[in-house]
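# Chain and residue survey
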Amino acid sequence: MVMMIKVKSFFSKIKRVFKNKYFLLVFFTVLIVGGILIYMEYKKPIQNVTNTIIKSSESPPDTRVQSKLMGIKVDPSVLDKKISAVVIENHPDARPQSGLDKASIVYETLAEGGITRFLAIFQENEASEIGPVRSVRIYFLDWVLEYDALFAHVGGNASGLDQIGPLGIQDINQFWNSGYFWRDNSRYAPHNVYTTTDKLRVAGEKAGYPTTSNFAGHTFKEDKKLEERPQSAQFTVGFSGGSFDPTYIYDRNTNTWLRSQVGVPFKEKITGVQIAPKNVIVEFANFSYTINYKGEQTTRIGNVGSGRALFYIDGGQIEGVWQKASKNAKTIFTDTLGNEIKLNPGQTWIEVVPTGNIVNYSKT
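Let me begin by describing the structure that accompanies this report.

Rules behind the numbers
Residues numbered from 1 in each chain as written. Predicted model: local features only at pLDDT ≥ 70, side-chain atom pairs only at ≥ 80, totals over all residues. Heavy atoms only, no water. Pairing = 2+ DSSP bridges. Helix = DSSP H or I, 4+ residues; strand = E, 2+ residues; numbered from the N terminus. Axes fitted to C-alpha atoms, helices over the stretch in contact; angles between N-to-C directions. Contact = heavy atoms within 4.5 Å. Salt bridge = Lys/Arg side-chain N within 4 Å of Asp/Glu carboxyl O. Buried < 20%, exposed > 50% of the residue type's maximum accessible area, 1.4 Å probe, protein only.

## Re the sheet that holds strand β5 (residues 116-122)
Pairing is mixed across the open sheet formed by 10 strands, whose spatial order is β7-β6-β3-β5-β4-β20-β14-β17-β18-β19. The two strands at the open ends of the sheet, each matched to only one other strand, are β7 (170-173) and β19 (332-335). Strand-to-strand twist in this sheet, taken as the mean axis angle between neighbours without regard to direction, amounts to 25°. Relative to strand β18 (residues 316-324), strand β17 (residues 305-313) is paired through 9 bridges, and the arrangement is antiparallel. Pairing of L310 across the sheet is with E319, part of β18. Sitting on the sheet, helix α5 (residues 197-207) touches β3 (84-89), β5, β6 (150-153) and β7, and the angle it makes with β6 is about 115°.

## As for the pattern of salt bridges
Counted by the stated rule, this structure contains 18 salt bridges. With a shortest N-O distance of 3.2 Å, E129 and K269 are connected by a salt bridge. Here E129, found in the loop between β5 and α3 (140-146), pairs with K269, found in the loop between β13 (264-265) and β14 (279-285); they are 140 residues apart in sequence, far enough to count as distant. On the basis of relative accessible area, E129 is assigned to the buried category, the value being 14%. For K269, a relative accessible area of 27% corresponds to the partly exposed category.

Purely spatial values, then, with no claim about function.
Next comes the structure, spelled out in structure tokens:
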């Protein structure tokens, strides 16, 4: 009963309040203003969420730059990163080699007995195993100087060793730097010496050599579009015949040249991938053969000067010229009209063969 009286008293007070016209004015004003504020607050969060979504979808700016040896996108700190040049053998007992797939540029030319040998130039990529590392030959020094590179090798021909000091080569000879190399017991000597790019840089720093390289890079272009590429192409480089004449078969989809040796895919030891450069250059140079003062057979190559060149890019063959003004100078590659050759971004192999040797090319 008491509760009923209290409820009736409450509603009676409410009626009296609502009969007051001033209260009604204030009440409806508050109601309208409150509704407007609620509506504005409702709209505001939606706008903020939209702005947040737009901002989060924006990609950070790409600060990478084009590298000078491979033409790939790299951090600016890589541009002048110290280059390592490593002599790697190509005797059948040395295959498969390690690290060739990580090289920016690979030179191949004749050593003795018709056997070819490589000089692998490393900068953009790190290699956890490089080898088998073998001995120096005098013509390698002209290319090492071109890149202001550390030079890794295991001893060598006296003609080459004698020029390392006078030419100011940044030498990392395994004979005096064995801590930066190792021997793989699964292979027999001399086909079992290996190193890494990191070990060579550390060795160079310990020797007091510059920690960056001062060199001129190549000029690059974009790959041709798929529809502009030939269906198939291939060529064989004539070195000495038999097992030392590499064949390159064009892969249209990847726009690369798949390397084979004696009909067998030329693969990297660690990854098992087939070597497939984007560009292959054939340099024709004058070779001479002598016996040095120690009775060693010595091959000499006329790297300084000029000569005919062939360029295999985008599945095609371009006739041209190579020119190297001095031992330290960059080798310039041009077509027959004097226009500089532009390479596709990626690895380049340079095959240096005697003038007059044959290169057989075909395409469809």
